[in-house]
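Per-entry structural report
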Amino acid sequence: MIVEVVGEVVMPKFLAGIIDNGVQTRDIGQIILMTVLMILTALLMMAGGVGGSYFGAKASVNFAADLRRDVYSKVQEFSFANIDRFSTGSLVTRLTNDVTQLQNFTNMLLRMALRAPGMLIGGLIMAILLRPSLALVLLVMLPLLLICMTLFIRKGFPLFNKMQEKIDALNSNVRESVTNARVIKSFVREDFEKKKFAHSNANLKQAGMNAMKVMIFLQPVMMFFMYTTTLLVVWFGGNTVIAGNMQLGDLTAFITYITQILISLMMVSMLFVMSSRAMASSRRIREVLDEKIDLNDDNAANKELQVSEGRVEFRHVDFRYYKNSEDKVLDDITFTIEPGQTVGIIGSTGCGKSTLVSMIPRLYDVDAGEVLVDGVNVKDYSLFHLREGVGMVLQKNVLFAGSVKENLLWGDENATDEMIQNAAAHAQADGFVKSFNKGYDYDLGQGGTNVSGGQKQRLCIARALLKKPKILILDDSTSAVDTATEARIREAFRTELKDSTKIIIAQRISSVMDADEIIVMNEGRITGIGHHEELLKSNKEYQEIYYSQMDKKEATA
Ligand SMILES: Nc1ncnc2c1ncn2[C@@H]1O[C@H](COP(=O)(O)OP(=O)(O)OP(=O)(O)O)[C@@H](O)[C@H]1O
Ligand SMILES: [Mg+2]
């Protein structure tokens, strides 16, 4: 870039040399000498330009790759609470569009950051050296131009910010409707979705137009300044040349310098406009990078400790998702589960069952009280060992694109085929997997779309079983499985997972009836713990659930 700038600054001098010492005096030798010099300079400038572009592009591409890597690994570190704070759509935009925006900006910055100021200062110095009196024109025009540019930038900045927000909204919209295309179709909501999309698309278009309008005016206004300045210089300079006080070549060189100065100012203003977009993008990326990971194991007292028995204890646990809200989602929860026990959790929808169990693998941290595993606070384990010891089949579970086997290997990447089959058999999945055309190599569509709901649940259970966890949590994981198959799964748990603690959240009483203990929840509180018979005698909520399900059975029978 330095070569380019120096070339840019000396070129007009050579031109002036040709005109004054060659053309005017009809000296061919001088003309040839200067022409050769100019060609050499141009070649050097070209080499400099290519080099500058190459390294600029290389640097910005690498920068973008690094940035993407950092943002991505930060997102992987996010806790559940962190994920709740950003929408997935906006995270995707930040990772892709915003990074690209910054990449383009760095590329441009690297190309122009030296060149534009270099040309500006070089041009100014040369113009002043050439003819200070004529440079006075600049003294009038430059401040005018600067005021104009500032106005543009101040107007453009917020408009580009707006546009970025609209891109975000559009992306969230697209993500949601594309990933949920099946639901949309089943509710025949295509037209509604189309309208919703059209709305955010129109919003983006409008924001884009508003921002572009500023840009559209910028160019002609700059050109106007350029031509006016040139005209003024030609007028005053021309008179000086006619009066014999200035050489024609010098005037030509002077005009070129003026053009250079104005062009470099234009580049700077372009940089500023682009920087407004880049700033918006960079702020959004920084939001992700600066997001405080509110759940980590930095202060864990015993990072080597592993879950060995499977005892779970809650002591006066309070929790709420929104720290400023009044109602507690978990309110003074206290209970103990001994190793190897099977415990059922039952309660009306939204009463906090899923929230309660998510405290055990520390998906969220308690607000007050303590959660202990094997008598040790979960915060004192490393997250890795804790989650290795606690297998959880989430209520909203997903499989990933890939074969059945690949998905099951998530539980244990070193599992042999035999172990995989065993786990699948215990989860009552072996049978239907074998009936697939490729068996365990059968390709699951994205999110496991080409298996049935109940099959998917059984595959998720098999995946968790492969982990051989000391504590196994099933959050409503057999809701789509028929009762007979479910009974076989429970039987397999009893015989194959004798030593593991099993916590089973269920809607059906029949799923938990034979558990060692059943925890009944209502509105974030435990209203009863005990055997089926005990609860049936003493617990109002349990009775309600039991009889409502019995009624249904009788009715269908
Ligand atoms: N990620 C979240 N952010 C904010 N609030 C949440 C979140 N998850 C759950 N809640 C709220 O916390 C309460 C308890 O939810 P939870 O999922 O624990 O209920 P649940 O007993 O598992 O219900 P279900 O039987 O329907 O699965 C509900 O009022 C719910 O709206
Ligand atoms: Mg739940």
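Every value quoted in this text rests on a predicted model; they were computed, and no experiment measured them.

**Focus on the site of ligand 1**
The local shell around ligand 1 holds 13 residues, among which Tyr-321, Thr-349, Lys-353, Ser-354 and Thr-355 are the closest. In terms of residue count, the dominant contributor to the shell around ligand 1 is helix 10 (residues 353-358) (three residues). Each residue belonging to the shell around ligand 1 can be placed in one class, and the counts come to three nonpolar, seven polar and three charged.

**Section: helix 4 (residues 88-112)**
With 25 residues, helix 4 should cover 36 Å at 1.5 Å per step; its first-to-last C-alpha distance of 35 Å lies within 8% of that length. At Arg-94, helix 4 is deflected by roughly 35°, the largest bend along its length.

**A closer look at the sheet that holds strand 4 (residues 368-373)**
Reading across from one edge, 2-1-4-5 is the order of the four strands in this open sheet, with antiparallel pairing throughout. Unpaired on one side and paired on the other, strand 2 (330-337) and strand 5 (376-377) mark the two borders of the sheet. Bridge count for strand 4 against strand 5 is two bridges, and the pairing is antiparallel. Within strand 5, the residue paired with Leu-372 across the bridge is Asn-377.

**Structural notes on the sheet that holds strand 12 (residues 525-530)**
Strand order across the open sheet formed by six strands is 6-9-10-3-11-12, with mixed pairing between neighbours. Strands with a single pairing partner mark the edges of an open sheet, and in this sheet they are strand 6 (390-393) and strand 12. Adjacent strand axes in the sheet meet at a mean angle of 15° when their direction is disregarded. Running over the sheet, helix 15 (residues 453-466) touches strand 6 and strand 9 (471-475) and is turned about 175° from strand 6.

**Examining the nonpolar core**
In this structure, Ile-360, Ile-461, Ala-462 and Ile-473 are the most contacted members of the largest nonpolar core, which totals 64 residues. Residues in contact with Ile-461, not counting those within four places in the same chain, are Val-393, Ala-427, Leu-474, Ser-477 and Ile-489. Listed in part, the 24 residues of the second largest apolar core include Ala-127, Ala-253, Ile-261 and Leu-265.

**Re the environment of Val-357**
Among the structural elements, Val-357 can be located in helix 10. A tally of 23 C-beta atoms within 10 Å means that Val-357 is categorised as buried. Taking the C-alpha atoms as reference points, Val-357 and Leu-231, 126 residues apart in sequence, are found 79 Å from one another. When sequence neighbours within four positions are dropped, the list of residues in contact with Val-357 reads Ile-473, Asp-475, Ile-503 and Ile-505.

**Here's the deal with the environment of Ser-354**
Looking at where Ser-354 falls in the secondary structure, it is placed in helix 10. Residues Ser-354 and Asp-84 lie 270 residues apart in sequence; the distance between their C-alpha atoms is 16 Å. Leaving out residues up to four positions away in the same chain, Ser-354 has contacts with Gln-395, Asp-475 and Ile-505.

**Observations regarding the packing of helix 8 (residues 190-242) against helix 9 (residues 248-290)**
Their axes nearest at 10 Å, the elements helix 8 and helix 9 cross at an angle of 160°. Accordingly, the angle class assigned to the pair helix 8 and helix 9 is roughly antiparallel. The crossing of helix 8 and helix 9 is right-handed. For the pair formed by helix 8 and helix 9, the contact residues are Met-215, Leu-218, Met-222, Phe-225, Met-226, Thr-229, Thr-230, Val-233, Val-234, Gly-237 and Val-241 on the first element and Leu-248, Leu-251, Phe-254, Ile-255, Ile-258, Thr-259, Leu-262, Met-266, Ser-269 and Val-273 on the second. Its residues assigned to classes, the contact of helix 8 with helix 9 comprises 16 nonpolar, five polar and no charged.

**So, unusual backbone geometry**
If you check the backbone angles, Arg-362 has positive phi at about 60° while not being a glycine. As for its position among the elements, Arg-362 is in the loop between helix 10 and strand 4.

**Examining the environment of Ser-200**
Position of Ser-200 among the secondary structure elements: in helix 8. In this view, Ser-200 contacts Ala-169, Leu-170 and Asn-173; residues no more than four positions away in its chain are not counted.

**Some points on the confidence of the model for the protein**
In the predicted model, the protein carries a mean pLDDT of 87, and the fraction of residues at 70 or more is 99%. The secondary-structure element of the protein with the lowest mean pLDDT is helix 19 (residues 540-556), recorded at 76, while strand 1 (residues 312-319) shows the highest, at 94.

**Observations regarding the domain arrangement of the protein**
Under the domain assignment, the protein is made up of domain 1 (2-290) and domain 2 (312-556). Taking only C-alpha atoms into account, the centre of domain 1 sits 57 Å from that of domain 2.

**Remarks on the pairing of strand 9**
Judged by how many residues are buried, strand 9 sits mostly within the fold: five of five residues are covered. Residue alternation in strand 9 divides its side chains into two sets, Ile-471, Ile-473 and Asp-475 and Leu-472 and Leu-474, and both sets are buried. Summarising the sheet, strand 9 and strand 10 (residues 501-505) pair through five bridges and their orientation is parallel. Paired with Leu-472 across the strands is Lys-502, a residue of strand 10. Once the chain exits strand 9 it traverses helix 16 (residues 483-496) before rejoining the sheet at strand 10, and the crossover so formed is right-handed.

**Details of helix 13 (residues 417-426)**
The set of residues buried in helix 13 consists of Ile-420, Gln-421, Ala-423, Ala-424 and His-426. Where helix 13 is buried, its residues contact helix 12 (404-408), helix 14 (430-435), helix 15 and helix 16. The positive-phi residue at the C-terminal boundary of helix 13 is Gln-428, with phi of around 60°.

**Here's the deal with the pairing of strand 11 (residues 517-522)**
Walk down a regular strand and you will see the side chains alternate between the two sheet faces. Buried residues dominate strand 11, accounting for five of its six residues. Where strand 3 (residues 342-347) lies against strand 11, five bridges are found, and the strand directions are parallel. Paired with Ile-345 across the two strands is Ile-519, which belongs to strand 11. Note that strand 11 and strand 12 share five bridges and pair antiparallel. Of the residues in strand 12, the one forming a bridge with Ile-518 is Gly-530. Where strand 11 folds back onto strand 12 in an antiparallel hairpin, the turn is made up of two residues, including Glu-523, whose phi is positive at roughly 45°.

Reading guide: rules and limits
Residues numbered from 1 in each chain as written. Chains lettered and ligands numbered in written order. Predicted model: local features only at pLDDT ≥ 70, side-chain atom pairs only at ≥ 80, totals over all residues. Near = placed C-beta within 6 Å. Helix = DSSP H or I, 4+ residues; strand = E, 2+ residues; numbered from the N terminus. Nonpolar A, V, L, I, M, F, W, Y, C, P; charged D, E, K, R; others polar. Expected span 1.5 Å × (residues − 1). Bend = angle between axes of the 7 residues up to and from the residue. Pairing = 2+ DSSP bridges. Axes fitted to C-alpha atoms, helices over the stretch in contact; angles between N-to-C directions. Contact = placed C-beta atoms within 7 Å. Core = buried A, V, L, I, M, F, W, Y, C linked by C-beta atoms within 7 Å. Buried ≥ 20, exposed ≤ 12 C-beta atoms within 10 Å, placed from the backbone. Parallel < 35°, antiparallel > 145°, perpendicular 65-115°, else oblique. Left-handed = near helix turned anticlockwise from the far one by under 90°. pLDDT = per-residue confidence, 0-100. Domains from an automatic or database assignment. Right-handed = clockwise from strand over helix to strand, strands pointing away.

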